[in-house]
Amino acid sequence: MAVVCSSLMSYPLGMVLRYFMNDSEVVRAVPIVTGLFQVFISLLLLLLLVVVVVVVVVVIVVVVVVVVVVVVVVVVVVVVVVVVEVVVVIVVVVKVNQSRYRP
């Protein structure tokens, strides 16, 4: 059994094919083109979904990195402030003690 596109049947070649292929099946071209178009659109939608997922993952990674950097900067600033305060307290205590024991 042969499969022949229905658009061929309107041309002289199609008439010849009809004559020699009595048991052939005629298949319309529209469903084939529509099916190919649907596959193409599905692949485009899948590609769009992959792009959206990649963009979302990149945004999440950037946000996490920014949050980690901000936390590290805050911790460093707090540690520096605490160390400076401790040094100031030690210097004040030493000066006070030195002034008490001077004759």
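Bear in mind the structure is a predicted one, so any value in this text is a computation, not a measurement.

Before going further, it helps to spend a moment on the overall build of the protein chain. Secondary structure assignment for the protein chain yields two helices and two strands. Beginning at the N terminus, the succession of helices and strands in the protein chain can be written as β-α-β-α. Summing over all exposed atoms, the protein chain offers an accessible surface of approximately 9,000 Å²; the carbon and sulfur share of this is 80%.

Now for the confidence of the model for the protein chain. Overall, the prediction assigns the protein chain a mean pLDDT of 80, with 67% of residues at 70 or greater. Within the protein chain, helix 2 (residues 29-100) carries the highest mean pLDDT (91), whereas strand 1 (residues 3-5) carries the lowest (48).

Conventions we followed
Within each chain, residue numbers correspond to sequence positions counted from 1 in written order. Under the rules for a predicted model, residues below a pLDDT of 70 receive no local features and side-chain atom pairs below 80 are neither given nor counted, while totals for whole chains, interfaces and linings still include all residues. Side-chain figures throughout are based on the complete set of non-hydrogen atoms in the structure, without hydrogens or water. Only DSSP runs of H or I reaching four residues or more are called helices, and only runs of E reaching two or more are called strands; each is numbered from the N terminus. To measure how exposed things are, a 1.4 Å probe is used in the Shrake-Rupley method; for residues, cover is taken only from the protein chains shown. Confidence of the prediction at every residue is given by pLDDT, a number between 0 and 100.

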